[in-house]
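In case you want the letters, here they are:
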Amino acid sequence: MIVELINTGSELMLGRVLNTHQQWLCRRLADLGYVVSRQVAIPDAGPDIEQAVREAFSRADLVITTGGLGPTSDDLTRDLIAKLLGKPLKEDASVVAHIQQFFEARKRPMPERTRVQALVPEGGRVFPNPHGTAPGLALEVRPNPFKADGRPAWLIMLPGPPRELRPMFDASVQPLLKEALPLEHGFVCRTLRTSGIGESVVEEKISGLLQPLVNEGLEIGYCARPGEVDVRLSATSPNAETVVSKAEEIVRRELGAWLFGSESDELENVIVRRLTERKQTLVLAESCTGGFVAHRITNVPGASVVLLAGLVTYSNESKQRLLGVSAETLVAHGAVSQPVAREMAEGALKAVRADFAISVTGIAGPGGGTQEKPVGTVFIGLAGPFPTMVVHHYNPCDRETFKQVSAQQALELLRRKLGKME
């Protein structure tokens with residue numbers, strides 16, 4: 001099956017907005033067995049949209065567009081595609097009612113221009129949009145005038161904002177794919193998530209052991225991001241479930257110490273869940289990460305049961321005043337040191353009376369490093385019902401990535417300790 005993705009938006013071409021749709025949709029589709037063959041990004045211009053859609057229809061069985069369904073003058077996708085396919089647009093009463101309710105709920109008048117979003121190409125399906133006003137649309141092109149053999153193709157049009165597109169894909173697009181474009185063979189895909197181990201080491205540990213299953217149709221994928229590596233196991237065959245299950249067993253056995261979850265699990269979700277189950281609490285004392293560990297924890301629903309406080313003690317004075325770090329320790333060892341990380345964690349634990357405390361102090365750069373403590377140096381402390389631990393890492397990368405990796409290492413330190421205490 002040939003799947004093509006067309007992302008519209010002049011802001012994408014100007015570099016003003018990051019094209020997250022490409023990564024997110026390609027992954028979600030691949031996990032369902034629909035691997036994207038081609039992906040393009042184009043500006044909000046009539047000729048570009050028409051040409052991209054026409055070319056995609058000449059090759060693909062499924063074409064997905066993003067953006068261009070809103071009420072403004074540069075939202076052209078719906079109108080241009082309807083014209084290209086010779087489909088008249090008709091106003092959908094249910095969409096008009098939804099738009100009216102959307103504005104009424106926010107106690108705002110409904111701009112008349114927003115009614116244009118209720119126009120649906122003849123024969124099209126409407127995907128509800130509970131998070132916005134522009135519905136998604138789906139249309140089977142049968143016969144397909146852009147293919148020599150007239151073989152039909154499906155078109156799916158999704159709104160541009162990610163907070164609208166993503167839930168719509170899960171709620172409406174997935175069921176449509178299973179109904180209208182079922183896969184010929186069984187497809188099974190599992191993703192196992194690791195932390196604290198490099199991509200090349202992951203591959204070295206499992207690739208040889210998985211080779212017999214690769215010969216039976218297993219596909220292995222690796223995806224590395226700051227502090228994490230995902231292992232994707234998939235197969236498309238009558239025995240796909242057996243092949244993937246055997247592969248998963250091998251990966252879990254070989255990478256068990258580094259595995260923190262599967263599929264869409266995030267490290268912070270795992271930690272909040274474990275602390276909640278144990279009825280235990282956490283306090284954070286951050287310097288170089290500037291609250292990034294707290295940001296990740298508070299992204300998890302229910303984190304308020306676990307996280308008692310997050311202190312960003314960026315200056316030496318705040319480390320002394322809020323955490324009780326001694327002036328003598330700061331003078332003797334410097335703010336970025338094992339003793340200071342220890343006193344930060346122990347001081348936070350004492351001040352807030354949580355079960356665990358994490359501290360982070362380091363040099364994010366690009367300046368501030370020395371020969372003894374170069375940019376990228378970080379010390380992470382963990383205090384709790386055990387002797388306080390401090391680990392030293394060296395993360396020589398740009399400032400933002402340094403914060404991401406250091407936060408990941410801090411969360412991983414706590415995850416490992418919780419695992420040993422179970």
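I will try to describe carefully the structure that is included in this document. All values reported here derive from a predicted model rather than from experimental measurement. Residues take numbers from 1 onward in each chain, read along the sequence in its written order. With the structure being a predicted model, the display of local features is reserved for residues of pLDDT at least 70 and the display and counting of side-chain atom pairs for 80 or more, all residues being used for whole-chain, interface and lining totals. Excluding hydrogens and water, the side-chain values take into account all heavy atoms of the structure.

1. Concerning the nonpolar core
At step 1: Counting 31 residues, the largest nonpolar core has Leu275, Leu282, Ile297, Ile358, Val360 and Leu414 as the members making the most contacts within it.
At step 2: Elements represented by at least two residues in this core include exactly α9 (267-278), β13 (282-286), α10 (292-298), β15 (356-362), β16 (377-384) and α14 (399-421).
At step 3: Strands here mean DSSP runs of E at least two residues long; helices mean DSSP runs of H or I at least four residues long; both are numbered from the N terminus. Here the element with the most residues in this core is α14; it accounts for 7 residues.
At step 4: When checking whether two residues touch, look at their non-hydrogen atoms; a contact exists if any pair is within 4.5 Å. Not counting residues up to four positions away in its chain, the partners in contact with isoleucine 297 are Glu268, Ile271, Val272, Leu282, Ala303, Leu307 and Leu411.
At step 5: Here, the term nonpolar core denotes a set of buried Ala, Val, Leu, Ile, Met, Phe, Trp, Tyr and Cys residues that are joined through side-chain atoms within 4.5 Å. Exposure categories follow from relative accessible area, calculated using a 1.4 Å probe and restricted to protein chains: below 20% of the type maximum is buried, above 50% is exposed, and the middle band is partly exposed. Of all hydrophobic cores here, the second largest spans 23 residues; its members include Leu5, Leu165, Val173 and Leu181.

2. Re the sheet that holds β13
At step 1: Pairing within the open sheet is mixed, and its 5 strands lie in the order β14-β13-β15-β16-β17. Each edge of the open sheet carries a strand with a single partner, namely β14 (307-312) and β17 (386-394). Taking the axes of each pair of neighbouring strands and ignoring which way they run, one obtains an average angle of 10 degrees across the sheet. Here the rule is simple: two strands pair whenever DSSP picks up at least two bridges between them. Orientation is described by lines fitted to C-alpha atoms, with helices fitted over the stretch in contact, and by angles between N-to-C directions that extend from 0 to 180 degrees.

3. Here we look at the packing of aromatic side chains
At step 1: Here a Phe, Tyr or Trp ring, Trp counted by its six-membered ring, pairs with any other such ring whose centre lies within 6.5 Å, and the pair is stacked when the planes are under 30 degrees apart, edge-to-face when over 60, and tilted otherwise. Scanning all chains against the criterion turns up 4 aromatic pairs.
At step 2: Measuring from centroid to centroid gives 5.7 Å for phenylalanine 102 and phenylalanine 103, while their planes differ by 75 degrees, and the two rings are edge-to-face. Each member of the pair phenylalanine 102 and phenylalanine 103 is classed as buried.
At step 3: Placement of a charge over a ring requires the Lys NZ or Arg CZ to be within 6 Å of the ring centre, with the centre-to-atom vector within 35 degrees of the ring normal. Directly above the ring of phenylalanine 386 sits lysine 417, whose terminal nitrogen or CZ lies 4.5 Å from the centroid.

4. Observations regarding the state of the cysteines
At step 1: For the purposes of this analysis, a disulfide is any pair of cysteine sulfur atoms at a distance within 2.5 Å. Under the defined criterion, the tally for this structure stands at 0 disulfides.
At step 2: Free of any disulfide, cysteine 26 has its nearest neighbouring cysteine sulfur in cysteine 223, separated by 12 Å.
At step 3: Judged by relative accessible area, cysteine 26 falls into the buried class, the value being 18%.
At step 4: In this structure cysteine 288 is a free cysteine whose sulfur lies 11 Å from that of cysteine 397, the closest cysteine sulfur available.
At step 5: Exposure remark for cysteine 288: the relative accessible area of 6% places this residue in the buried category.

5. A few points about the side chain of serine 172
At step 1: With respect to the helices and strands, the residue serine 172 is situated in helix α6 (residues 162-180).
At step 2: Leave out the neighbours within four places in its chain, and serine 172 touches Phe127 and Pro128.

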